Structures are given as C-alpha cells and as structure tokens.
Amino acid sequence: QVQLVESGGGLVQAGRSLRLSCAASGRIFSINTMGWYRQAPGKQRELVATMGSGGRTNYDDSVKGRFTVSRDNAKNTVYLQMNSLKPEDTAVFYCYAEIVRRGFVGSRDYWGQGTQVTVSS
C-alpha cells in the first residue's frame, strides 16, 4: 500500500506565496518522477511542475519563474514553492509520483487527494 499525503494549501492574496508539501509512504522501493498537477473548475487536470529522480525539472510555461519544485529523496517528499501567486492559479493541486513498490516489477502512478489553493485578487 502506498499513500501520498499533501499539505500546505489555503487562501492567499495575489502576489503572496504558498508552499505545498507531499509525502509518500508505504512499501516503496524507489520513486521516479514526483511533482504537481492542478485542476481548475471546469478545466482538465494539467501539469504544473515535476522533478525526476536525477533532478531534472519540467514546468508549465505559466508558472516558470514563479514556482519551484524540489524533492527530499530521503523523506520521499516533494515540495512546490509558489511565489507571486495570481488569481488564475486558483485550483485543486494534486501531488503525483511514479513509484516502484517493494516486491513488484515496474512502476505505477499514484495521486494525492488534492489540496485547494485559492488566490484572491
């Protein structure tokens, strides 16, 4: 059994910052990619930022220069530092991880339960 537990969402004014955290736990052998997606009302879930096990990052153009993804591999945790937040960043943010479980071959995709981020103007 593997779980992803997120924390750090909330309500913030435009221009301010928030930091999201997501910790993976359970029978984990290794984690490949970890990162964040978001889904705004009436829209499809979209990639925000991811980081591979080697440290390579991938960002959506809309958050480049404002958001920073990072990982603590010893803690199986991924973070998203969000600066200069805009009202259009309002969404439910989902943690994502590609995990190889102990005793299994191959990886599976796991998702957190989602955390609401609301940016007021």
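Because the structure is a prediction, the values reported are computed rather than measured.

**Q** Break down the pattern of salt bridges for me, citing the residues and quoting the values.
**A** Using the criterion set out here, one finds four salt bridges in the structure. As a salt-bridge pair, R38 and D89 come within 3.0 Å of each other at their nearest N and O atoms. Taken together, the residues R38 in strand β4 (residues 28-39) and D89 in the loop between β8 (77-82) and β9 (91-101) connect sequence positions 51 residues apart. D89 matches R38 in its accessibility class, with the two residues each being buried. Ionic pairing is found between R66 and D89, a salt bridge with its closest N-O pair at 2.8 Å. Taken together, the residues R66 in the loop between β6 (57-59) and β7 (67-72) and D89 in the loop between β8 and β9 connect sequence positions 23 residues apart.

Criteria and thresholds
Residues numbered from 1 in each chain as written. Predicted model: local features only at pLDDT ≥ 70, side-chain atom pairs only at ≥ 80, totals over all residues. Heavy atoms only, no water. Salt bridge = Lys/Arg side-chain N within 4 Å of Asp/Glu carboxyl O. Helix = DSSP H or I, 4+ residues; strand = E, 2+ residues; numbered from the N terminus. Buried < 20%, exposed > 50% of the residue type's maximum accessible area, 1.4 Å probe, protein only.

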